[in-house]
Amino acid sequence: MYFEKKAAFIDAAEKTKGRTRAYLGTHLDELLNSDNEEELAQFKASKPRTIPNTPYWVITNANTGRKRIILTQMMASMGYPHHLIERIKEEI
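Source: prediction; values computed, not measured.

Visitor: What am I meant to see in the overall build of the protein here?
Guide: When you go through the protein residue by residue, the secondary structure sums to five helices and three strands. Reading the helices (α) and strands (β) of the protein from amino to carboxyl end gives α-β-α-α-β-β-α-α. The buried share of the protein, reckoned over its 92 residues, is 26%. Considering only contacts in the protein between residues 6 or more positions apart, those separated by 24 or more positions represent 57%. Accessible area for the protein stands at about 6500 Å²; split by element, carbon and sulfur atoms hold 50% of it.

Here is the structure:
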C-alpha cells in the first residue's frame, strides 16, 4: 500500500490511531528515548517492527480483530474499493 499510494498511506497512517496509542509511526527513536518509563514500557509491550523498505514501524501485538480494523481503516482512508477491502479482511 505504501508503494502503491505513498501520499495516501502517509495520510492514512496519521489518521489510524487507537484511543491511547498510535498503530503506525516513523519516530521510533523518540519513543525509545522517552523519559516516561510507563510510556516506554507500553511501547516495548507493543513489539514494534519495521515495515520493510519504508520509514514506518507498526505494532505487532494486536489481536486479529484489531489487525482487521487497522488494515481496513487504512485501506478505506486510502480509497481502495470496498470489495477489495472485504476480500483482504477475510484473508486475515
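Visitor: I'm lost on the environment of Leu24 in this one. Help?
Guide: Within the secondary structure, Leu24 sits in strand S1 (residues 24-25). A relative accessible area of 11% places Leu24 in the buried class. Leu24 sits 32 residues away from Tyr56 along the chain, and the two C-alpha atoms are 6.6 Å apart. What Leu24 contacts, discounting residues up to four positions off in sequence, is Ala13, Ile51, Tyr56, Trp57, Val58 and Met74.

Visitor: How do you make sense of the layout of surface pockets when you look at a structure like this?
Guide: Over the atoms rolls a probe the size of a water molecule, and in doing so it shows where empty space is left. Counted as a void, the second largest pocket has a volume near 280 Å³. Surrounding the second largest pocket, 13 residues form its lining, Leu24, Ile51, Val58, Ile70 and Leu71 being those nearest its centre. Ranked by residues supplied to the lining of the second largest pocket, first place goes to helix H4 (residues 64-77) with four residues.

Visitor: Could you clarify how one ought to interpret helix H1 (residues 6-15) in this entry?
Guide: Burial in H1 covers these residues: Phe9, Ala12 and Ala13. Taken end-on, H1 shows its buried residues confined to a sector of 105 degrees, consistent with a single buried face. In H1, the exposed positions angled more than 90 degrees off the buried face are occupied by Ala7, Glu14 and Lys15. Looking at the packing, one finds that the buried side of H1 touches S1 and H4.

Visitor: Please clarify how the environment of Asn63 should be interpreted in this entry.
Guide: Tracing the backbone shows Asn63 in the loop between strand S3 (57-58) and H4. Within polar-contact distance, the side chain of Asn63 engages the backbone nitrogen of Gly65 at 3.1 Å.

Visitor: What should I look at first to understand the sheet that holds S3 in this one?
Guide: Backbone hydrogen bonds are what pair the strands of a sheet, in a parallel or an antiparallel way. If you walk across this open sheet you meet the three strands as S1-S3-S2, and the pairing is antiparallel. Both outer strands of the open sheet, S1 and strand S2 (49-50), are each paired with one neighbouring strand and no more. With two bridges connecting them, S1 and S3 associate as antiparallel partners. Looking at the pairing, Leu24 lines up with Val58 of S3.

Visitor: Is there a simple way to think about the environment of Phe9 in this case?
Guide: Among the structural elements, Phe9 can be located in helix H1. Separated by 65 residues in sequence, Phe9 and Met74 place their C-alpha atoms 7.4 Å apart. Sequence-distant contacts of Phe9, that is, excluding residues within four places in its chain, are made with Met1, Tyr2, Ile51, Tyr56, Met74 and Met78.

Criteria and thresholds
- Residues numbered from 1 in each chain as written.
- Predicted model: local features only at pLDDT ≥ 70, side-chain atom pairs only at ≥ 80, totals over all residues.
- Heavy atoms only, no water.
- Helix = DSSP H or I, 4+ residues; strand = E, 2+ residues; numbered from the N terminus.
- Buried < 20%, exposed > 50% of the residue type's maximum accessible area, 1.4 Å probe, protein only.
- Contact = heavy atoms within 4.5 Å.
- Areas by Shrake-Rupley, 256 points an atom, 1.4 Å probe, with all protein chains shown as cover.
- 1 Å grid on protein atoms, 1.4 Å probe; cavity = no way out; pocket = protein on both sides within 12 Å on 5 of 7 lines; lining within 4 Å.
- Points joined across faces, edges and corners; volume = space filled by probe spheres on them.
- Arc of directions from axis to C-beta.
- Polar contact = N/O pair within 3.5 Å; in protein donor to acceptor, adjacent residues only side chain to side chain.
- Pairing = 2+ DSSP bridges.

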